[in-house]
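Remarks on the overall topology
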Amino acid sequence: MMIVYDSNLQQFSLQVGKASYVMALHKGSYLTTRYFGLRLHGDFLASPFVEVPRSFSPNPMADDERFSLDTLPQEYPVFGNSDFRLPALEVEFEDGSRLVDLHYDQHRIYEGKPKLHVLPSTYVEEEKQAQTLEIDLFDAVSQLRVTLRYTVFAGHSILVRSVLLHHEGDAPIRVSRVMSMAMDLSLPDYQMLHLPGAHAREREMTWQPIGKTMHSIESRRGASSHQQNPFLALASPTITEEDGEVYSVALAYSGNFQLVVDTDQYDVTRVMVGINPFDFRYLLSPGEKFETPEVTVGFHAHGLGEMSRDYHRFFRKHLLSGRYRDQLRPILINNWEATYFQFDEQVLLQLADEAKEVGIELFVLDDGWFGQRDDDRTSLGDWVVDTRKLPHGLGAFGEQIRQKNMRFGLWFEPEMISPDSALYRTHPDWCLFVPGRNQSVSRHQYVLDFSSKEVCDAIIEQLTKILSQAPIDYVKWDMNRHLTEVGSVSLAANRQKEVSHRYMLGVYRVMDTLTKRFPFILFESCSGGGGRFDPGLLAYMPQVWTSDNTDAIARLSIQFGTSLIYPAIAMGSHVSAVPNHQVGRVTTLQTRGYVAMMGNLGYELDLRRLGEEDRATIRQQIAFYQQWRDVICFGDLYRLKHPSKQQDAAFLYVSEKRDRAIVTYIQIMARANPALKRLRLQGLATNETYSVTLHGTEQTGVFALSPLTLVMNGDELMQYGLAIPYLHGDFLGCVWTIEKAEIAP
Ligand code: DGJ
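Residues numbered from 1 in each chain as written. Predicted model: local features only at pLDDT ≥ 70, side-chain atom pairs only at ≥ 80, totals over all residues. Heavy atoms only, no water.

What follows covers the pattern of salt bridges. Going through the model one piece at a time under the given rule, you end up with 56 salt bridges. Residues Arg 145 and Asp 136 are paired through a salt bridge, measuring 3.2 Å at the closest nitrogen-oxygen approach. The same class applies to Arg 145 as to Asp 136, namely buried. In this structure, Glu 461 engages Arg 517 in a salt bridge whose closest nitrogen and oxygen atoms are separated by 3.8 Å. Taken together, the residues Glu 461 in helix H6 (residues 453-469) and Arg 517 in helix H7 (residues 499-517) connect sequence positions 56 residues apart. The class of Glu 461 is partly exposed, set by a relative accessible area of 47%. With relative accessibility at 39%, the residue Arg 517 sits in the partly exposed group. Residues joined in a network through salt bridges with shared partners are Asp 105, Arg 108, Glu 134, Asp 136, Arg 145, Arg 149, Glu 168 and Glu 291. (Salt bridge = Lys/Arg side-chain N within 4 Å of Asp/Glu carboxyl O. Buried < 20%, exposed > 50% of the residue type's maximum accessible area, 1.4 Å probe, protein only. Helix = DSSP H or I, 4+ residues; strand = E, 2+ residues; numbered from the N terminus.)

Below, the structure is given as structure tokens:
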């Protein structure tokens, strides 16, 4: 049993893989967080919760001056009854009162995991893969039932939590804050790790002390955003990749979110995660239910590396969905950086021929194929092929690609509308706006009102038509602006603060419908690159375009940050032209290939302009990636050297069976007369013999190192390490492939 309840102790114990999560009912009624850490073999705690009288911490029970909610570590704190810390739930009743008093009512433990109705869910394929605990807390005065859900998964160290509100009373309630989880932990001297960024600079690993203040990591942009990511880790002071304790949370939601870390006067840290209460208020009618997004919660005793591997395995098994979950993804060519909007059928077919010749498997036609879109000022919403560019239509073009024995992919931006479009001229009220107010543009476009069922249905029909008419194997789903003037003419005045959340529900419904209707299509999500790289979108689309920044060196820190919880198979990474279009840097084709091979490899450059030598390099890269992509996409990641110090970076993938591995080393800045260093590997079998081959010496100015293939033991590779070759020049790299040696008997 992974979840047990002891009715004498009134404790719940959850075995979360290598960790234990223990909660207890205090005074038989208040649900408290008692322990979250390394697995306890006894399941329950013998130690009582110690209370002492505290001045200025009021007492809900007049005869017990030691008891205050202000000092109780709580699982779902509320406002107004003696806890002055930030609550997880805030509501307002018709009479103006805001008090809720939540007491334990009942609980259920069952096999399996429920799917959320309108939100992204983690899932199981067989009931025996998970167990769920539901604890009902009840407010007797308002008849509001708050169900806290906890699911643990066999073989995984990740707990999934969410909350269900059920209004059993008879007058409407306004809900202005309903977090997906809360927990109160003791985290002395811990530090926070989060992933702030910007467009083309996403997910920069950023550390700061927790201190004695409140931190709020949030998005108010209507998307999870480039600026923040709904992920947070809290790590012990001596944390490294291999050592130290880490708590992690990640919200499966792609809209406005908030992650709160708030340390109180007695050094207890409250962690709360959920929909951002900013500009949010939900009107809950009698009998109605409200589901929060799911949050994944982890405790990892062996450093950031273990945290990442726990998430990668979990997301690959219980979050990514559809037939591509377990399938290697095709190597693609995307015409965006090759042609931008300036292309016609002939140009595209030439590009496709070049791509086929080097071994590329999927041709993706990006922005500009529809309406009259010769730049980004027009036509979003008019999903009709532009016959000036593709005179024979989309179907015929797709067929020509397929005849080359390549798959065909197409770009859409379904949530958007250009003011200069037939759709806008017909339906000016289909976008988000507030009547009588100015309407801001961003990239010359408005946001469609996905909180409206009518709009979502129309988009589903438009896309269904195109996806059924042309031979489409892949869709890139873009979203290139954030939400402003957040108002919907489809909703009543008292529901306008529901728009941002309902927008996300609409997006999820459209994605759910289309991905189910077209299960053979591989969907890649994108939002100006990595503006919605979150677990919510991953539930529908199993890969994401990581960033619009395709520079190999800039990509190192973006991909390292992303890899904290997102697996390689979810990360789109392309080789592009030099000088790089975003930063102007020149790097070798070899280095660009090595960095792009950290995820799903693609190409995004005009192959027609390359000489034979570069084409030969690309041919080799593709053949090499085809041989190794299973290790990269399904293996375990070890980040050996972080690019943060701007000197070098190294990463290693090891296959599940530990019989194959691939190590990549990139030198960022060369130094004269450098110290010679070694890379100590991890994750291999100590007593195994491996054949180790160094690649990349041809083009990157590596000083001779021979032999290029060695037979080494796993423990030598992990204890002594690999000698890093002396690379003469900035931005150079090399790769080692490692395979279990076949020793002759
Ligand atoms: C932003 C995306 O991130 C790019 O890859 C490209 O698809 C453009 N949009 C097209 O407008």
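Now that the structure has been shown, we can carry on.
Once that is clear, we can look at the sheet that holds strand E31 (residues 636-641). Strands sit in the order E31-E32-E33-E38-E35-E36 across an open sheet of 6 strands; the sheet is antiparallel. Two strands lie at the open edges of the sheet, namely E31 and strand E36 (709-713), each paired on one side alone. Sheet twist, expressed as the mean angle between neighbouring strand axes with direction ignored, is 20°. Note: strand E35 (residues 689-695) against strand E38 (residues 732-740), 6 bridges, orientation antiparallel. Paired with Thr 693 across the two strands is Thr 737, which belongs to E38. Contacting strand E32 (648-654), strand E33 (660-667), E35 and E38, helix H10 (residues 589-596) runs over the sheet at an angle of about 50° to E38. (Pairing = 2+ DSSP bridges. Axes fitted to C-alpha atoms, helices over the stretch in contact; angles between N-to-C directions. Contact = heavy atoms within 4.5 Å.)

Moving on: the pairing of strand E1 (residues 3-6). Relative to strand E2 (residues 11-16), E1 is paired through 4 bridges, and the arrangement is antiparallel. Across the sheet, Asp 6 pairs through a bridge with Gln 11, a residue of E2. Count of turn residues in the E1/E2 antiparallel hairpin: 4 residues, of which Gln 10 carries a positive phi of about 55°.

It is at 10 Å that the axes of H10 and helix H11 (residues 612-634) come closest, and there the two elements cross at 25°. The orientation of H10 with respect to H11, classified from their angle, is roughly parallel. Of the two possible hands of crossing, H10 and H11 adopt the one that is right-handed. Seen from H10, the contacting residues are Leu 589, Gln 590 and Gly 593; seen from H11, they are Asp 614, Thr 617, Ile 618 and Gln 621. Each residue belonging to the contact of H10 with H11 can be placed in one class, and the counts come to 2 nonpolar, 4 polar and 1 charged. (Parallel < 35°, antiparallel > 145°, perpendicular 65-115°, else oblique. Left-handed = near helix turned anticlockwise from the far one by under 90°. Nonpolar A, V, L, I, M, F, W, Y, C, P; charged D, E, K, R; others polar.)

Take unusual backbone geometry next. Cis peptide bonds are those with omega within 30 degrees of zero, and the linkage from Val 578 to Pro 579 qualifies with -10°. As for its position among the elements, Pro 579 is in the loop between strand E29 (571-576) and H10. Within the chain, Asn 405 stands out as a residue other than glycine whose phi angle is a positive 65°. Mapping Asn 405 onto the fold places it in the loop between helix H4 (393-403) and strand E23 (407-412). A residue is classified by how much of its surface remains accessible, and Asn 405, at 63% relative accessible area, is exposed. Phi is positive for Phe 731, which is not a glycine, with a value near 60°. Along the chain, Phe 731 turns up in the loop between strand E37 (722-723) and E38.

Let us look at H4. If you check which residues of H4 are buried, you get Gly 393, Leu 394, Phe 397, Gly 398 and Ile 401. In this structure, the buried side of H4 is in contact with helix H3 (345-358), strand E22 (362-365), E23 and H6. Positive backbone phi, approximately 65°, marks Asn 405, located one or two places after H4.

Now for the packing of aromatic side chains. A complete count under the given rule lists 34 aromatic pairs for this structure. Consider the rings of Tyr 311 and Phe 315, whose centres lie 5.4 Å apart with planes at 75°: the pair is edge-to-face. A residue pair is termed a helical-turn pair when its members lie 3 or 4 positions apart in one helix, as Tyr 311 and Phe 315 do in helix H1 (residues 303-318) at 4 residues. One exposure class covers both Tyr 311 and Phe 315, and it is buried. Clustering of aromatic rings is evident, with ring pairs tying together Tyr 21, Phe 36, Tyr 150, Tyr 190, Tyr 247 and Phe 299. The ring of Phe 731 carries the charged tip of Arg 585 above its face, separated from the ring centre by 5.3 Å. Lying across the ring of Trp 628, Arg 660 places its NZ or CZ 4.2 Å from the centre. (Phe/Tyr/Trp six-rings, centres within 6.5 Å; stacked < 30°, edge-to-face > 60°. Lys NZ or Arg CZ within 6 Å of the ring centre and 35° of its normal.)

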